[in-house]
Amino acid sequence: MAESLSKPVQELLVNGGELPEKYIYKKGENGVTDASYPLMEVPVIDMSLLTSQSAAGEEELGKLRSALGSGGSFQAINHGMTASFVDQVHEIGKKFFALPPDEKQKYSRTVGDMEGYGNETVLSKHQTLDWTDRLYLTTSPEDKINLRFWPENPENFREILNEYTRNLELMNELLLKSMAKSLNIEENCFLEQYGEGAIMTARFNFYPPCPRPDLTLGIKPHADASTLTFLLQDKAVEGLQILKDGQWFRVPIVPHAVLINVGDHAEIMSNGMFKSPVHRVVTNSEKERLTLAVFSLPDSKMEIGPVEELIDEERPRLYKTMKDYLAIYFENYQLGKRPIDAVKI
(Lines give C-alpha, C1' and ligand atoms only; values in the text may rest on other atoms or scores of the structure.)
Protein backbone atom coordinates (compact mmCIF):
# COMPACT_ATOMS: atom_id res chain seq x y z
CA MET A 1 0.00 0.00 0.00
CA ALA A 2 1.29 3.48 -0.90
CA GLU A 3 1.81 5.95 1.90
CA SER A 4 -1.21 8.18 2.53
CA LEU A 5 -2.46 10.79 4.99
CA SER A 6 -5.48 10.43 7.27
CA LYS A 7 -8.02 13.09 8.16
CA PRO A 8 -7.31 15.26 11.24
CA VAL A 9 -8.88 13.77 14.37
CA GLN A 10 -10.42 17.14 15.24
CA GLU A 11 -12.48 16.96 12.03
CA LEU A 12 -13.66 13.40 12.73
CA LEU A 13 -15.37 14.60 15.89
CA VAL A 14 -17.50 17.06 13.95
CA ASN A 15 -19.05 14.14 12.05
CA GLY A 16 -21.01 12.31 14.71
CA GLY A 17 -18.64 11.26 17.48
CA GLU A 18 -18.42 7.55 16.60
CA LEU A 19 -14.94 6.06 16.82
CA PRO A 20 -13.78 4.98 13.32
CA GLU A 21 -12.58 1.38 13.17
CA LYS A 22 -9.03 2.27 12.13
CA TYR A 23 -8.48 3.83 15.59
CA ILE A 24 -9.69 0.77 17.54
CA TYR A 25 -7.22 -1.69 19.07
CA LYS A 26 -8.37 -5.29 19.15
CA LYS A 27 -8.99 -6.73 22.59
CA GLY A 28 -5.75 -7.32 24.48
CA GLU A 29 -3.65 -5.58 21.82
CA ASN A 30 -1.31 -3.00 23.35
CA GLY A 31 -3.08 -3.33 26.69
CA VAL A 32 -5.80 -0.73 26.07
CA THR A 33 -8.04 -0.85 29.08
CA ASP A 34 -10.04 1.41 31.33
CA ALA A 35 -8.18 0.20 34.46
CA SER A 36 -6.63 2.81 36.71
CA TYR A 37 -2.83 2.73 36.71
CA PRO A 38 -0.58 3.67 39.64
CA LEU A 39 1.18 7.02 39.68
CA MET A 40 4.91 6.87 38.96
CA GLU A 41 7.38 8.57 41.27
CA VAL A 42 9.38 10.52 38.70
CA PRO A 43 12.56 12.04 40.22
CA VAL A 44 12.77 15.86 40.27
CA ILE A 45 16.18 17.28 39.25
CA ASP A 46 17.21 20.86 39.99
CA MET A 47 19.02 21.91 36.82
CA SER A 48 20.71 24.85 38.56
CA LEU A 49 22.63 22.44 40.80
CA LEU A 50 24.16 20.35 38.00
CA THR A 51 26.97 22.86 37.41
CA SER A 52 27.65 23.35 41.11
CA GLN A 53 30.96 22.10 42.56
CA SER A 54 29.29 21.72 45.96
CA ALA A 55 28.11 18.60 47.79
CA ALA A 56 24.58 19.48 46.62
CA GLY A 57 25.83 19.42 43.01
CA GLU A 58 27.39 15.99 43.50
CA GLU A 59 24.16 14.74 45.05
CA GLU A 60 22.15 16.04 42.10
CA LEU A 61 24.49 14.26 39.63
CA GLY A 62 23.90 11.03 41.60
CA LYS A 63 20.14 11.58 41.37
CA LEU A 64 20.45 12.15 37.61
CA ARG A 65 22.42 8.92 37.10
CA SER A 66 19.92 6.97 39.19
CA ALA A 67 16.88 8.48 37.41
CA LEU A 68 18.19 7.77 33.90
CA GLY A 69 19.46 4.31 34.81
CA SER A 70 16.17 3.10 36.26
CA GLY A 71 13.01 4.78 34.88
CA GLY A 72 14.83 6.76 32.18
CA SER A 73 13.09 10.06 32.94
CA PHE A 74 12.97 12.99 35.34
CA GLN A 75 11.18 16.30 35.90
CA ALA A 76 13.55 19.26 35.33
CA ILE A 77 12.99 22.32 37.53
CA ASN A 78 14.96 25.59 37.81
CA HIS A 79 15.69 25.23 34.09
CA GLY A 80 16.15 28.95 33.47
CA MET A 81 12.72 29.64 31.89
CA THR A 82 10.11 31.65 33.78
CA ALA A 83 6.66 30.23 34.52
CA SER A 84 5.07 32.98 32.42
CA PHE A 85 7.27 32.10 29.42
CA VAL A 86 6.42 28.38 29.73
CA ASP A 87 2.73 29.42 29.79
CA GLN A 88 3.29 31.33 26.53
CA VAL A 89 4.71 28.17 24.92
CA HIS A 90 1.55 26.30 25.92
CA GLU A 91 -0.59 29.14 24.64
CA ILE A 92 0.81 29.25 21.08
CA GLY A 93 0.04 25.54 20.71
CA LYS A 94 -3.50 25.88 22.05
CA LYS A 95 -4.21 28.87 19.80
CA PHE A 96 -2.94 27.08 16.69
CA PHE A 97 -5.14 24.01 17.20
CA ALA A 98 -8.15 26.27 17.94
CA LEU A 99 -7.86 27.87 14.47
CA PRO A 100 -10.48 27.03 11.79
CA PRO A 101 -9.58 23.91 9.71
CA ASP A 102 -8.80 25.87 6.54
CA GLU A 103 -6.32 28.09 8.44
CA LYS A 104 -4.50 25.04 9.87
CA GLN A 105 -4.50 23.33 6.45
CA LYS A 106 -2.17 26.07 5.14
CA TYR A 107 0.57 24.27 7.06
CA SER A 108 -0.41 20.72 6.10
CA ARG A 109 2.33 18.24 5.48
CA THR A 110 2.48 16.33 2.22
CA VAL A 111 2.89 12.58 1.64
CA GLY A 112 6.48 11.57 2.28
CA ASP A 113 7.24 14.60 4.46
CA MET A 114 7.41 14.53 8.27
CA GLU A 115 7.04 18.26 8.73
CA GLY A 116 3.85 20.27 8.99
CA TYR A 117 0.32 19.88 10.35
CA GLY A 118 -1.51 16.57 10.19
CA ASN A 119 -1.33 13.22 11.89
CA GLU A 120 0.07 9.77 11.47
CA THR A 121 1.19 8.55 8.05
CA VAL A 122 -0.88 5.57 6.91
CA LEU A 123 1.50 2.88 5.67
CA SER A 124 -0.74 -0.18 5.85
CA LYS A 125 -4.49 -0.85 5.73
CA HIS A 126 -4.07 -2.92 8.92
CA GLN A 127 -2.47 -0.02 10.81
CA THR A 128 -4.21 1.21 13.98
CA LEU A 129 -3.98 5.01 14.05
CA ASP A 130 -3.14 7.32 16.96
CA TRP A 131 -5.90 9.59 18.33
CA THR A 132 -3.90 12.79 17.89
CA ASP A 133 -3.23 15.68 15.53
CA ARG A 134 0.30 17.05 15.27
CA LEU A 135 2.35 19.99 14.14
CA TYR A 136 5.90 18.80 13.46
CA LEU A 137 8.75 21.28 12.84
CA THR A 138 12.54 21.19 12.52
CA THR A 139 13.98 23.91 14.75
CA SER A 140 17.71 23.42 14.10
CA PRO A 141 20.14 23.46 12.37
CA GLU A 142 19.13 26.72 10.74
CA ASP A 143 19.61 25.48 7.16
CA LYS A 144 17.05 22.70 7.80
CA ILE A 145 14.29 25.03 9.07
CA ASN A 146 11.35 25.17 6.65
CA LEU A 147 9.33 28.28 7.57
CA ARG A 148 6.55 27.25 5.18
CA PHE A 149 5.30 24.98 7.98
CA TRP A 150 5.76 27.50 10.84
CA PRO A 151 2.40 29.16 11.60
CA GLU A 152 2.11 32.94 11.30
CA ASN A 153 -1.04 32.75 13.42
CA PRO A 154 -0.80 33.19 16.39
CA GLU A 155 1.53 36.01 15.41
CA ASN A 156 4.09 35.34 18.18
CA PHE A 157 4.29 31.59 17.36
CA ARG A 158 7.64 31.65 15.56
CA GLU A 159 9.33 33.95 18.06
CA ILE A 160 8.20 31.95 21.13
CA LEU A 161 9.02 28.52 19.68
CA ASN A 162 12.43 29.75 18.52
CA GLU A 163 13.28 31.14 21.98
CA TYR A 164 12.02 27.98 23.70
CA THR A 165 14.09 25.62 21.56
CA ARG A 166 17.22 27.81 21.94
CA ASN A 167 16.80 27.34 25.70
CA LEU A 168 16.47 23.58 25.22
CA GLU A 169 19.68 23.48 23.15
CA LEU A 170 21.53 24.91 26.16
CA MET A 171 19.82 22.40 28.47
CA ASN A 172 20.70 19.58 26.09
CA GLU A 173 24.41 20.47 26.20
CA LEU A 174 24.38 20.84 29.99
CA LEU A 175 22.63 17.49 30.40
CA LEU A 176 24.91 15.55 28.05
CA LYS A 177 27.92 16.85 29.99
CA SER A 178 26.23 16.10 33.34
CA MET A 179 25.26 12.59 32.21
CA ALA A 180 28.91 11.88 31.33
CA LYS A 181 30.14 13.32 34.64
CA SER A 182 27.61 11.20 36.54
CA LEU A 183 29.25 8.11 35.01
CA ASN A 184 32.74 9.40 35.91
CA ILE A 185 33.84 9.76 32.27
CA GLU A 186 35.14 12.81 30.40
CA GLU A 187 32.30 15.35 30.20
CA ASN A 188 32.40 15.76 26.40
CA CYS A 189 32.21 12.01 25.65
CA PHE A 190 28.57 12.12 24.51
CA LEU A 191 28.78 15.57 22.89
CA GLU A 192 31.68 14.40 20.71
CA GLN A 193 29.28 12.02 18.94
CA TYR A 194 26.91 14.90 18.18
CA GLY A 195 28.68 16.60 15.27
CA GLU A 196 28.12 20.02 13.69
CA GLY A 197 24.72 19.25 12.15
CA ALA A 198 22.91 18.17 15.32
CA ILE A 199 19.15 18.20 14.86
CA MET A 200 16.31 19.43 17.05
CA THR A 201 12.68 18.86 16.11
CA ALA A 202 9.49 20.01 17.84
CA ARG A 203 6.14 18.24 17.79
CA PHE A 204 2.97 19.78 19.17
CA ASN A 205 0.52 16.97 20.01
CA PHE A 206 -3.20 17.76 20.27
CA TYR A 207 -5.47 15.06 21.70
CA PRO A 208 -9.18 15.87 21.25
CA PRO A 209 -11.67 14.23 23.65
CA CYS A 210 -12.23 10.63 22.54
CA PRO A 211 -15.68 8.95 22.57
CA ARG A 212 -14.13 5.58 23.56
CA PRO A 213 -10.85 6.01 25.46
CA ASP A 214 -11.02 2.32 26.44
CA LEU A 215 -10.56 1.30 22.76
CA THR A 216 -7.84 3.57 21.42
CA LEU A 217 -4.56 5.33 22.27
CA GLY A 218 -3.31 8.87 21.80
CA ILE A 219 0.12 7.45 20.87
CA LYS A 220 0.95 3.74 20.65
CA PRO A 221 3.71 2.25 22.86
CA HIS A 222 7.22 3.17 21.70
CA ALA A 223 10.60 4.42 22.91
CA ASP A 224 12.04 7.60 21.35
CA ALA A 225 14.84 7.58 18.77
CA SER A 226 16.26 10.81 20.23
CA THR A 227 19.21 11.31 22.52
CA LEU A 228 16.98 13.29 24.88
CA THR A 229 13.29 14.20 24.63
CA PHE A 230 12.01 17.37 26.33
CA LEU A 231 8.27 17.18 27.01
CA LEU A 232 6.10 20.05 28.11
CA GLN A 233 3.05 18.28 29.48
CA ASP A 234 -0.49 19.64 29.43
CA LYS A 235 -0.99 22.00 32.37
CA ALA A 236 -3.93 20.05 33.82
CA VAL A 237 -4.73 16.85 31.91
CA GLU A 238 -2.70 13.66 32.44
CA GLY A 239 -2.22 11.12 29.68
CA LEU A 240 1.40 9.98 29.47
CA GLN A 241 2.23 6.52 30.80
CA ILE A 242 5.63 4.80 31.15
CA LEU A 243 6.25 1.05 31.14
CA LYS A 244 8.47 -0.06 34.01
CA ASP A 245 9.06 -3.68 35.09
CA GLY A 246 6.16 -4.85 32.91
CA GLN A 247 3.65 -2.41 34.48
CA TRP A 248 2.18 0.83 33.10
CA PHE A 249 2.48 3.88 35.35
CA ARG A 250 0.84 7.30 35.03
CA VAL A 251 3.29 10.20 34.82
CA PRO A 252 2.30 13.09 37.14
CA ILE A 253 2.19 16.73 36.05
CA VAL A 254 4.65 19.09 37.75
CA PRO A 255 3.60 22.67 36.85
CA HIS A 256 6.15 24.47 34.63
CA ALA A 257 8.64 21.59 34.82
CA VAL A 258 10.05 19.99 31.65
CA LEU A 259 9.80 16.20 31.65
CA ILE A 260 13.01 14.81 30.14
CA ASN A 261 13.51 11.25 29.03
CA VAL A 262 16.38 9.29 27.55
CA GLY A 263 16.02 8.21 23.93
CA ASP A 264 17.60 5.24 22.14
CA HIS A 265 20.69 7.26 21.08
CA ALA A 266 21.60 7.91 24.74
CA GLU A 267 21.00 4.26 25.67
CA ILE A 268 23.38 3.21 22.86
CA MET A 269 26.06 5.81 23.68
CA SER A 270 25.96 4.91 27.40
CA ASN A 271 26.22 1.17 26.58
CA GLY A 272 22.89 0.60 28.32
CA MET A 273 23.76 2.50 31.51
CA PHE A 274 20.86 4.84 30.72
CA LYS A 275 17.50 3.33 29.76
CA SER A 276 15.24 4.57 26.96
CA PRO A 277 11.73 4.05 28.40
CA VAL A 278 8.78 2.62 26.48
CA HIS A 279 5.81 4.97 26.87
CA ARG A 280 2.34 5.61 25.45
CA VAL A 281 -0.44 8.19 25.68
CA VAL A 282 -4.00 7.37 26.74
CA THR A 283 -7.05 9.45 25.82
CA ASN A 284 -10.04 10.66 27.80
CA SER A 285 -13.65 11.37 26.89
CA GLU A 286 -14.06 14.83 28.43
CA LYS A 287 -11.02 17.04 28.04
CA GLU A 288 -8.69 18.01 25.21
CA ARG A 289 -4.97 17.76 25.93
CA LEU A 290 -1.98 19.55 24.41
CA THR A 291 1.72 18.71 24.81
CA LEU A 292 4.96 19.77 23.14
CA ALA A 293 7.73 17.20 22.63
CA VAL A 294 11.15 18.38 21.46
CA PHE A 295 13.66 15.78 20.26
CA SER A 296 17.44 16.22 20.26
CA LEU A 297 19.43 14.09 17.77
CA PRO A 298 23.07 13.84 16.64
CA ASP A 299 24.17 14.69 13.12
CA SER A 300 23.10 11.72 10.94
CA LYS A 301 26.59 11.60 9.37
CA MET A 302 28.24 10.91 12.75
CA GLU A 303 29.12 7.42 13.91
CA ILE A 304 27.16 6.55 17.05
CA GLY A 305 28.13 3.78 19.41
CA PRO A 306 28.93 2.96 23.04
CA VAL A 307 31.61 5.21 24.58
CA GLU A 308 34.81 3.14 24.96
CA GLU A 309 35.21 4.05 28.64
CA LEU A 310 31.91 2.29 29.38
CA ILE A 311 33.01 -1.05 27.88
CA ASP A 312 34.98 -3.57 29.92
CA GLU A 313 35.02 -7.28 30.80
CA GLU A 314 32.26 -6.87 33.35
CA ARG A 315 30.15 -4.77 30.97
CA PRO A 316 30.88 -5.84 27.38
CA ARG A 317 29.76 -3.81 24.36
CA LEU A 318 25.96 -4.17 24.04
CA TYR A 319 25.34 -2.18 20.84
CA LYS A 320 26.86 -1.88 17.37
CA THR A 321 28.41 1.35 16.07
CA MET A 322 26.35 2.88 13.24
CA LYS A 323 25.42 5.98 11.26
CA ASP A 324 21.86 7.31 10.82
CA TYR A 325 20.13 5.30 13.54
CA LEU A 326 16.98 7.30 12.72
CA ALA A 327 16.58 5.38 9.43
CA ILE A 328 16.98 2.05 11.29
CA TYR A 329 14.47 3.30 13.88
CA PHE A 330 11.68 4.12 11.41
CA GLU A 331 12.19 0.97 9.37
CA ASN A 332 11.70 -1.19 12.50
CA TYR A 333 9.03 1.00 14.12
CA GLN A 334 6.82 0.65 11.04
CA LEU A 335 7.17 -3.15 11.29
CA GLY A 336 6.00 -3.01 14.92
CA LYS A 337 9.45 -3.98 16.26
CA ARG A 338 11.46 -2.33 19.05
CA PRO A 339 14.07 -0.51 16.92
CA ILE A 340 16.95 -0.61 19.43
CA ASP A 341 16.86 -4.45 19.32
CA ALA A 342 18.10 -4.25 15.71
CA VAL A 343 21.43 -2.72 16.82
CA LYS A 344 22.08 -4.95 19.83
CA ILE A 345 25.06 -7.29 19.63
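Residues numbered from 1 in each chain as written. Predicted model: local features only at pLDDT ≥ 70, side-chain atom pairs only at ≥ 80, totals over all residues. Heavy atoms only, no water.

A. Expanded view of helix H7 (residues 325-333). When we look at burial in H7, the residues that qualify are Tyr325, Tyr329 and Asn332. Within H7, the buried residues cover an arc of 80° as seen down the axis, which keeps them to one side. In this structure, the buried residues of H7 make contact with strand S8 (219-222) and helix H6 (264-269). (Buried < 20%, exposed > 50% of the residue type's maximum accessible area, 1.4 Å probe, protein only. Helix = DSSP H or I, 4+ residues; strand = E, 2+ residues; numbered from the N terminus. Arc of directions from axis to C-beta. Contact = heavy atoms within 4.5 Å.)

B. Summary view of the pairing of strand S11 (residues 247-250). Pairing of strand S10 (residues 240-244) with S11 involves four bridges; the strand directions are antiparallel. By the bridge assignment for S11, Lys244 is matched with Gln247. Hairpin connection from S10 to S11: two residues lie between these consecutive antiparallel strands, with Asp245 at a positive phi of about 55°. (Pairing = 2+ DSSP bridges.)

C. Quick look at the layout of surface pockets. The computed volume of the largest pocket comes to approximately 1200 Å³. When residues of the lining of the largest pocket are traced back to their parent elements, those giving at least two are strand S4 (116-118), strand S6 (133-140), strand S7 (199-207), S8, strand S14 (289-297) and H7. Its residues placed into classes, the lining of the largest pocket shows 17 nonpolar, 15 polar and 12 charged. (1 Å grid on protein atoms, 1.4 Å probe; cavity = no way out; pocket = protein on both sides within 12 Å on 5 of 7 lines; lining within 4 Å. Points joined across faces, edges and corners; volume = space filled by probe spheres on them. Nonpolar A, V, L, I, M, F, W, Y, C, P; charged D, E, K, R; others polar.)

D. Focus on unusual backbone geometry. Between Ser140 and the following residue, Pro141, the backbone shows a cis peptide bond with an omega angle of 5°. Secondary-structure assignment places Pro141 in the loop between S6 and helix H5 (157-182). Here Asn153 and Pro154 are connected by a cis peptide whose omega angle stands at 5°. Locating Pro154 in the fold gives a position in the loop between S6 and H5. At Asn184, a position not held by glycine, the phi torsion is positive, near 60°. The phi torsion at Asn271 lies on the positive side, around 55°, for a residue other than glycine. Here Asn271 is to be found in the loop between H6 and strand S13 (279-281).

E. Here's a closer look at the packing of helix H2 (residues 55-70) against H5. Contact geometry of H2 with H5 gives a least axis separation of 9 Å together with a crossing angle of 90°. Comparing the axis directions of H2 and H5 gives the class roughly perpendicular. Packed against H2, whose contacting residues are Leu61, Leu64, Arg65 and Leu68, the element H5 presents Leu175, Ser178, Met179, Lys181 and Ser182 at the interface. Its residues placed into classes, the contact of H2 with H5 shows five nonpolar, two polar and two charged. (Axes fitted to C-alpha atoms, helices over the stretch in contact; angles between N-to-C directions. Parallel < 35°, antiparallel > 145°, perpendicular 65-115°, else oblique.)

F. Region of interest: empty space enclosed by the protein. In total, this model carries two cavities of 30 Å³ or more according to the counting rule given. Of the volumes computed, that of the largest cavity is approximately 170 Å³. What lines the largest cavity is a set of 19 residues, among which Asp224, Leu231, Leu240, His279 and Ala293 lie closest to the centre. Those elements that place two or more of their residues in the lining of the largest cavity are S7, S8, strand S9 (228-232), S10, strand S12 (258-262), S13 and S14.

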